[in-house]
Amino acid sequence: MKYRIFFAIALLILLLFPLPAWAANPRHVIQLQTTQKCQVCDLTGAYLPVSKLDYSHILASDLSRANLVGASITFSNLSRANLTEANLSNVNLKRTKMLLTNFTNAIFHNTNLTEADLTSSNISESQLANAKLCKTTLPSGLISNRDC
């Protein structure tokens with residue numbers, strides 16, 4: 001009887017107070033920060049605000065739900081990456097290639113996309129409403145000079 005009560009209380013605590021899930025592979029995060037290269041990496045939910053990741057190659061990696069607020073990722077390649085629900089507020093993505101990248105529900109508040117290439121990426125016009133677009137290649141292949 002005591003075990004049932006203990007088990008019920010333990011289960012109740014686990015359900016009421018879930019621990020945050022950090023799914024990013026710590027080795028992949030360190031690899032990215034030290035070498036600026038991470039192909040097919042698991043960076044899900046990575047916490048990388050104000051990171052300096054210029055000239056990085058983050059190809060086909062999972063950055064879904066990543067926090068990249070204020071990061072600098074210029075002259076980089078994020079092609080085929082998954083940035084679903086990532087926070088890209090105040091991120092500098094100048095001259096970054098993001099071909100076939102998934103930006104479903106990603107946040108682009110005050111994001112610099114000057115001369116970025118978004119060819120065939122999954123991103124909506126409403127997501128780009130608060131981003132800086134100057135000589136930016138849109139998913140359709142058209143060039144936007146809206147903020148030049």
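On a predicted model such as this, the values are computed, not experimentally measured, just so you know.

As for the side chain of Asn77
Tracing the backbone shows Asn77 in the loop between helix H2 (26-35) and strand S1 (136-137). At 2.7 Å, the side chain of Asn77 and the side chain of Ser79 are in polar contact. Ignoring sequence-local partners within four residues, the contact set of Asn77 consists of Ser56, His57, Ile58, Leu59, Thr96 and Lys97.

A look at the pattern of salt bridges
Counted according to the given criterion, the structure contains 3 salt bridges. Among the salt bridges present, the one from Asp54 reaches Lys52, with a minimum N-O distance of 2.7 Å. Residue Arg146 pairs with Asp147 through a salt bridge whose shortest N-O separation is 3.2 Å.

A closer look at the layout of surface pockets
In this structure, the largest pocket encloses a volume near 150 Å³. Lining the largest pocket, in full, are Ile123, Ser124, Glu125, Leu128, Leu133, Leu138, Pro139, Ser140, Ser144 and Arg146. Classifying every residue of the lining of the largest pocket gives 5 nonpolar, 3 polar and 2 charged.

Here's the deal with the state of the cysteines
Within the structure shown, the criterion is met by 2 disulfides. The residue that forms a disulfide with Cys38 is Cys41, at a sulfur-sulfur distance of 1.8 Å. When the S-S torsion is -105°, as for the bridge of Cys38 with Cys41, the disulfide is left-handed. Each member of the pair, Cys38 as well as Cys41, carries the same accessibility label: buried. Here Cys134 pairs with Cys148 through a disulfide, and the sulfurs are 2.1 Å apart.

Cut-offs used in this document
Residues numbered from 1 in each chain as written. Predicted model: local features only at pLDDT ≥ 70, side-chain atom pairs only at ≥ 80, totals over all residues. Heavy atoms only, no water. Helix = DSSP H or I, 4+ residues; strand = E, 2+ residues; numbered from the N terminus. Polar contact = N/O pair within 3.5 Å; in protein donor to acceptor, adjacent residues only side chain to side chain. Contact = heavy atoms within 4.5 Å. Salt bridge = Lys/Arg side-chain N within 4 Å of Asp/Glu carboxyl O. 1 Å grid on protein atoms, 1.4 Å probe; cavity = no way out; pocket = protein on both sides within 12 Å on 5 of 7 lines; lining within 4 Å. Points joined across faces, edges and corners; volume = space filled by probe spheres on them. Nonpolar A, V, L, I, M, F, W, Y, C, P; charged D, E, K, R; others polar. Disulfide = S-S within 2.5 Å. Buried < 20%, exposed > 50% of the residue type's maximum accessible area, 1.4 Å probe, protein only.

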